[in-house]
Amino acid sequence: MNETREESIMEENLTEILKVRREKLAKLRETGKDPFDITKFSPTHKSTTILNEFEFLEGQEVVIAGRIMTKRVMGKASFAHILDSSGQIQIFVQVNALGKEAYEDFKAMDIGDIIGVEGEVFKTKKGEISVKASEITLLSKSLQPLPEKWHGLKDTDLRYRQRHVDLIVNPDVRKTFIIRSKVIQGIRRYLDEKGFLEVDTPILHNTAGGASARPFITHHNTLDIDMYLRIALELHLKRLIVGGFDKVYEMGRIFRNEGMSVKHNPEFTMIELYQAYADYEDIMELTEDMISTVAKDVLGTTEIEYQGQPIDLTPPWNRMTMVEAVKKYTGVDFDSLKEEEVARALKEIGIEVDNPVTWGEALNIAFEERVEDKLVQPTFITDYPIEISPLAKKIKHDSRLTYRFEIFITGREFGNAYTELNDPIDQKERFIEQAKQRAEGDDEAHMMDEDFVSALEIGMPPTGGLGIGVDRLIMLLTDSYSIRDVILFPTMRQRDK
RNA sequence: GACCCAUUAGCUCAGUCGGUAGAGCACUUGACUUUUAAUCAAGGAGUCCGGCGUUCGAGUCGCCGAUGGGUCACCA
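This write-up is about the structure you can find in this document. (Residues numbered from 1 in each chain as written. Chains lettered and ligands numbered in written order. Predicted model: local features only at pLDDT ≥ 70, side-chain atom pairs only at ≥ 80, totals over all residues. Heavy atoms only, no water.)

Looking at the protein's contact with RNA strand B
Step number 1: In the vicinity of RNA strand B there are 59 residues, among which Lys126, Lys149, His264, Glu413 and Tyr481 approach most closely.
Step number 2: In the interface set of RNA strand B, defined as its atoms within 4 Å of the protein, sugar plus phosphate atoms amount to 58%.
Step number 3: Between Gly75 and RNA strand B, the recorded distance is 2.9 Å, taken from a backbone N or O atom to a base nitrogen.
Step number 4: Lys154 places a polar main-chain atom, nitrogen or oxygen, 3.1 Å from a phosphate oxygen of RNA strand B.
Step number 5: Those elements that provide at least two residues to the surface near RNA strand B are helix H2 (16-30), strand E1 (61-74), strand E2 (77-84), strand E3 (87-94), helix H5 (95-98), helix H7 (156-161), strand E18 (404-409) and strand E19 (412-419).
Step number 6: If one sorts the elements of the surface near RNA strand B by residue count, H7 sits on top with five residues.
Step number 7: When grouped by side-chain class, the residues that make up the surface near RNA strand B number 20 nonpolar, 16 polar and 23 charged. (Near = heavy atom within 4 Å. Polar contact = N/O pair within 3.5 Å; in protein donor to acceptor, adjacent residues only side chain to side chain. Helix = DSSP H or I, 4+ residues; strand = E, 2+ residues; numbered from the N terminus. Nonpolar A, V, L, I, M, F, W, Y, C, P; charged D, E, K, R; others polar.)

Some thoughts on unusual backbone geometry
Step number 1: Residue Pro316 is reached from Pro315 by a cis peptide bond, and omega for that bond is -5 degrees.
Step number 2: With respect to the secondary-structure elements, Pro316 resides in the loop between strand E13 (309-312) and strand E14 (318-321).
Step number 3: The phi dihedral of Tyr277 falls on the positive side, at around 70 degrees, and the residue is not glycine.
Step number 4: By the secondary structure assignment, Tyr277 is in the loop between strand E11 (267-276) and helix H11 (280-299).
Step number 5: At Thr410, a residue that is not glycine, the phi angle is positive and equals roughly 55 degrees.
Step number 6: Secondary-structure assignment places Thr410 in the loop between E18 and E19.

Remarks on a negative patch on the surface
Step number 1: Among the surface-exposed residues, Glu58, Glu61, Glu118, Glu120 and Glu135 lie close enough to one another that they form a single negatively charged patch.
Step number 2: Residue placement: Glu135 occurs in strand E5 (residues 129-140).
Step number 3: Its relative accessible area of 45% is what places Glu135 among the partly exposed residues. (Patch = residues over 30% accessible without salt bridge, like charges linked within 9 Å, V, L, I, M, F, W, Y side chains within 5 Å. Areas by Shrake-Rupley, 256 points an atom, 1.4 Å probe, with all protein chains shown as cover. Salt bridge = Lys/Arg side-chain N within 4 Å of Asp/Glu carboxyl O. Lys, Arg positive; Asp, Glu negative; His and termini not counted. Charge placed at Lys NZ, Arg CZ, Asp CG, Glu CD. Buried < 20%, exposed > 50% of the residue type's maximum accessible area, 1.4 Å probe, protein only.)

Note that all results are geometric; they support no functional claim without further evidence.
Written out as structure tokens, the structure reads:
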């Protein structure tokens, strides 16, 4: 190895390609053309506006700004494509139009640089709508090369860690996140029009409630207490129903300290809504109407495709009780089974359980193991066992079950809803039962929440509530395979050590 | 947490049987005034993810580790 070269690489720790760009910047600074001195630039048009309204804009002067994505220099004339927030447009650059010095400056610009271009809208010989540059301003120098124009950035690790690069070079990614934004807007618009009040409730909780999940724990220094990042929005929202708001919702980030997968990110976005004087039947209607409305608003249709499967979101959706669903897919009729018979019934359909299970637990296991992934078209599964539904009102004629439903599409759970339990005495007993399970080592069992019970004692009207995993809904509507593809910066391990 | 797969130039990828590292794009220099994966000529660019081992010799084989992906487990 050549020692001097090795030293210089150590010194700068830069590859040649990075050095060249830094040298170009240094030269610009020496000649008083530092792009980073510029504080403002005022484009008059977006690229797609020019493409869409060419017949009106042909021959007119426009100013655009964006990033150089391709560059083809052919002696005294050049072409380049500029990417702005709306898309790409070609520019045509000639030494005659620009002058010699400015043209040389342009030739020294790199793919990735951000420029402003003033010029006339025209169509090239080959028929591409373009801007004939009369002035080019370098607005920012890019010191790192972009990934290849043809294959883009494929390495998932780099795509998630450097999402900014992913967004520049992979147009579908940009599209996905635009749809994400529109879906969220659409949900808000729908609920606002229905008279729901959007609220913000705390993310730092003293007890982590509203779901069965392990929380993240953090610490408040001044109060010197451990706090939990919320695992659900539920309990505060119901306290607002107690407080007299009839219809509330919150769309926000929640945090669950659990495994990661194609369907799970540790932090994700949830919408929860509560409507006083409504039951879960009303909420089913609202759910199918809201999701189909948003799909139509954003995609223009309720008939979509997810990973090759056609999905029809048009209401009304299928409805089945959990008992009916298990009977349909396994032949086992839990309704007529006694508690001591359920373990044998599970065994008959090929499910072994280690610990003794209650009737409701067995029903839920049978459902999860043998039914869930069959529910491809939108389906409400209703009437969940009471043991796994500590916040839902029990069914009047069958105390084993609650007025609860979950939404299944593509074999996955999308949402959860109840006729809310508003009997404070029952609620307290349910929490006590959960606390017992917690003491027995189930760290996902619900925590006792005295503040919430106290709120119910003040009196909560009969209420229907709903929670929907927004990221999963966006996956469905953008045909994304992984939840990481709909979260801009998914949770990743620190790279250095 | 378990298992499987991947990691080679800035990016996308080849790399045979273990024998001193390759392509395209990008970059540099030159030619070129309507190109569009521009073209043509020349050139530069590597911690082969890291460590240890086997071997005369390791990108290649073995072990340990890192990061990512997938499957499963867990999971309103």
